[in-house]
Each structure stands twice: as C-alpha cells, then as structure tokens.
Amino acid sequence: MAARGRPRAFDRSAALERAMQVFWAKGYEATQLADLTAAMGINPPSFYAAFDSKEAIFREAVDLYLATAGSGSMRILANTASTREAIAAMLLASIDIALASPSQGGCMVSLGLINCQEQNAAVRMHMRGLRKTTEDLIHQRLERGRAEGDLSPAADIGRLSRFFAAILQALSLQAQDGASRQDLAGIAEASLAALDLATARPDRPISRP
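The structure displayed is predicted, hence computed values, not measured ones.

> Can you help me understand the confidence of the model for the protein in this one?
The predicted structure's coordinates, where accompanied by low pLDDT, should not be read in detail. On average, residues of the protein score 84 in pLDDT, and 84% of them are at 70 or above. No element of the protein has a lower mean pLDDT than helix H7 (residues 108-111), which averages 70, and none a higher one than helix H2 (residues 33-40), which averages 94. Ignoring residues within four places in sequence, the model shows residues 201-207, a span with pLDDT below 50, making 13 contacts including any to other chains.

> Please explain the nonpolar core as it appears in this structure.
Looking at soluble globular proteins, one finds that nonpolar side chains tend to be buried together. Ile87, Met90, Leu91, Ile138, Leu142, Phe164 and Leu195 are the most contacted members of the largest nonpolar core, which totals 29 residues. Of all elements in the fold, only helix H5 (72-79), helix H6 (83-100), helix H8 (121-147), helix H9 (157-176) and helix H10 (181-196) reach the threshold of two or more residues within this core. For this core, the element with the most residues is H6, which contributes 9 residues. Sequence-distant contacts of leucine 142, defined by excluding residues within four places in its chain, comprise Thr83, Ile87, Leu151, Ile157, Leu160, Ser161 and Leu195.

> I keep staring at helix H3 (residues 44-51) and nothing clicks. Help me out?
Side chains that are three or four residues apart share a direction in an α-helix, a result of its 3.6 residues per turn. Within H3 the residues assigned to the buried category are Phe47, Ala50 and Phe51. Down the axis of H3, the smallest arc covering the buried residues is 75 degrees, so these residues share one side. Those residues of H3 that are exposed and angled more than 90 degrees off the buried face are Pro45 and Ala49. Residue aspartate 52 follows H3 closely and has a positive phi angle near 80 degrees.

> Is there a simple way to explain H9 in this structure?
Along its 20 residues, H9 runs 29 Å from first to last C-alpha, staying within 8% of the 28 Å computed at 1.5 Å per residue. Within the sequence span of H9, burial applies to Ile157, Gly158, Leu160, Ser161, Phe164, Ala165, Ile167, Leu168, Leu171, Ser172 and Ala175. Once H9 finishes, glycine 178 follows within two positions and takes phi at roughly 100 degrees, a positive value.

> Sorry if this is basic, but what is going on with the packing of aromatic side chains here?
A ring pair, where both rings are aromatic, is described by two values, the distance of the centres and the angle of the planes. Within this structure, the stated rule accounts for 7 aromatic pairs. When the ring of phenylalanine 23 is compared with that of tyrosine 28, the centres are 6.2 Å apart and the planes differ by 20 degrees; the resulting orientation is stacked. Like phenylalanine 23, the residue tyrosine 28 is buried in the burial classification. Both rings, one in phenylalanine 163 and one in phenylalanine 164, keep their centres 5.0 Å apart while their planes meet at 75 degrees; by these two values the pair is edge-to-face. Residue classification places phenylalanine 163 among the partly exposed positions, given a relative accessible area of 32%. For phenylalanine 164, a relative accessible area of 0% corresponds to the buried category.

> Looking at this structure, I do not really get the pattern of salt bridges. What am I missing?
Two side chains carrying opposite charge are able to pair once their charged atoms lie near each other. One pass over the full model with this rule turns up 9 salt bridges. With a closest N to O distance of 3.0 Å, lysine 26 and aspartate 35 form a salt bridge. Its relative accessible area of 40% is what places lysine 26 among the partly exposed residues.

Calculation criteria
Residues numbered from 1 in each chain as written. Predicted model: local features only at pLDDT ≥ 70, side-chain atom pairs only at ≥ 80, totals over all residues. Heavy atoms only, no water. pLDDT = per-residue confidence, 0-100. Helix = DSSP H or I, 4+ residues; strand = E, 2+ residues; numbered from the N terminus. Contact = heavy atoms within 4.5 Å. Core = buried A, V, L, I, M, F, W, Y, C linked by side-chain atoms within 4.5 Å. Buried < 20%, exposed > 50% of the residue type's maximum accessible area, 1.4 Å probe, protein only. Arc of directions from axis to C-beta. Expected span 1.5 Å × (residues − 1). Phe/Tyr/Trp six-rings, centres within 6.5 Å; stacked < 30°, edge-to-face > 60°. Salt bridge = Lys/Arg side-chain N within 4 Å of Asp/Glu carboxyl O.

The structure is reproduced here in structure tokens:
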C-alpha cells in the first residue's frame, strides 16, 4: 500500500548536513531550534516530523560528522605505516579538521558538548563515549606499533594513548581560541617528544610548510 500524507518538500540528507554545520559551529547547548530550522529552511512541525527532537538530530549529525568531515584523523592513524608517522599524521589531520570547521569551532566530538545542563546528561555521556573510542583507537595503534617493534616493549601504552587523546582535544580548543595553523603544528610537534621517549628508533620531528 502506498504511504499516505504529504511528501516532504525538502532533502533530508541535505538538511542533516546543514544541521551538522550548525552544531559543529555552535555546539549542542548553544544551538537553538530556530538555528536549525533556519539553516535547513523548514518550519518546526516539519523538523519534528523528520528528526523527532534536537537530541535525535544531534546524534545523527555526529554520526554524519564521524563518517565524513571528522573521519580523516582516525583513518590516517590506522593506515600509516610507522607508529610515529601515524601519530604525527593523525595530529596534522586533526589540525586540518579543527581549522576547517565553521568559525574554527574545533572537532565536533571534542567540543560539541562537554559541560551541560542536567537534562542533557545523556548526550554528554554519548559524546564522552565517542571520545573514549578515539582514545581506544590510539591505544590499538600504539599496541600495534609495539608489536611491530616501533615502540619499546616497556612503553606505557595506556598513558601515551590518554596523552595523545588529550592533545587532540587541546588542538581543537586552541583552534577555537584563534590559534594559527603554525601554532597548532608547534603543539603537535612538541607532543611527539613523548612518543620519541618510547620509540625504539626516534625519527625526525614533524614538520609542515
């Protein structure tokens, strides 16, 4: 039986992309329904019919971000040969993501929602879980590096993975505060000293034009 009712007069995928840009620029709590409907070009009834709630569309927007604009750093981390080059490339990709965001808003996962009102605790926990996933992926890559002989057997993988997860968040925060690409690259380069202490054969420092 054919579905009844008036068909949506907008492209849902395009609307979700625009919502993602709004959330990326402003964060979850600062984004109002009026911001979303204005960006998507729809009215509130159409918004609720298509996306159910602000929380629901935020979760969809985060998933879209992780599948598109925010995917580069973790993909590079997994696919770069040596451990040091993989971490360095991850940091540089994260800088690109932070500076490419609307209003230099940083990484959507890092800064999209940190502290929040009590009614948004479920969203905060969701974002916390995504940040923990990033840390886990770094941990897995460092474990692989140790198994392949890139890192000393005595390297504290847990401490290093937490450290580099924190550096990713710091890069986003610095970008939001107006740091230049050169400033951010300097932070990334300095952070690699921690990895060099655990690297069997330290390489040259990270550099970028």
